[in-house]
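# Tertiary structure, described
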Amino acid sequence: MKASIVIPNLNGAGWLRDSIESIWAQTEQDFELIIIDNGSTDESLAIARYCSRENFTLIENGTNTGFSHAVNQGIALADSEYVVLFNNDAFAQPDWLAQLIAMADAEPRAFAVQSLMIRHFERDICDDAGDYVT
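As a starting point, this report considers the structure included with it.

About the cut-offs
- Residues numbered from 1 in each chain as written.
- Predicted model: local features only at pLDDT ≥ 70, side-chain atom pairs only at ≥ 80, totals over all residues.
- Heavy atoms only, no water.
- Phe/Tyr/Trp six-rings, centres within 6.5 Å; stacked < 30°, edge-to-face > 60°.
- Buried < 20%, exposed > 50% of the residue type's maximum accessible area, 1.4 Å probe, protein only.
- Helix = DSSP H or I, 4+ residues; strand = E, 2+ residues; numbered from the N terminus.
- Salt bridge = Lys/Arg side-chain N within 4 Å of Asp/Glu carboxyl O.

With that settled, the discussion passes to the packing of aromatic side chains. Inspection of every chain in the model, using the stated rule, returns three aromatic pairs. Taking the centre distance of 5.8 Å and the plane angle of 25 degrees together, the rings of Trp-24 and Phe-31 count as stacked. Residue Trp-24 is classed as buried on the basis of its relative accessible area of 8%. Relative to Phe-56, the ring of Trp-24 lies with its centre 6.3 Å away and its plane at 55 degrees, an arrangement referred to as tilted. Taken together, the positions of Trp-24 in helix α1 (residues 16–24) and Phe-56 in strand β3 (residues 56–61) put the pair 32 residues apart, joining distant regions of the chain. In this structure Phe-56 comes out as buried when scored by relative accessible area, which is 17%.

Rendered as structure tokens:
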């Protein structure tokens, strides 16, 4: 497997389905998807179960173990050359994973590569790690 995509989730029902579907729509299909749910009380688990396919793992934490712990759970399960972290409220372009892998493969000395994050409702503005500064 080329990549393991890890999505931590807590009450992300409003975005999770579209986020997962954007992963399944990738041109690069040599990956597994790992979702770690951190005790969601909304419809997140039902959505994740509904969106499951081959090479899909859903971990259901009964309580919120925190973002870092959830990510580390996913990384520990990863069985691939690359681990890719993805937010439950993000949506990937179809060639997103292929481009990340190509960049990582092109420079073997690189430790990490990162996506350019664009604001959802302001497509001409880069997101600055989720902060909104006025």
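Bringing the pattern of salt bridges into the picture now. Applying the stated criterion to the full structure yields five salt bridges. Among the salt bridges present, the one from Lys-2 reaches Glu-81, with a minimum N-O distance of 3.0 Å. Of the two residues, Lys-2 is situated in the segment before β1 (3–9) and Glu-81 in the loop between α3 (67–77) and β4 (82–85); the sequence distance between them amounts to 79 residues. One salt bridge connects Asp-105 with Lys-2, and the closest N-O pair in it is separated by 3.3 Å. One end of the pair, Asp-105, is in helix α4 (residues 96–106); the other, Lys-2, is in the segment before β1, and 103 residues separate them in sequence. Looking at Asp-105, the relative accessible area reads 38%, which means it is partly exposed.

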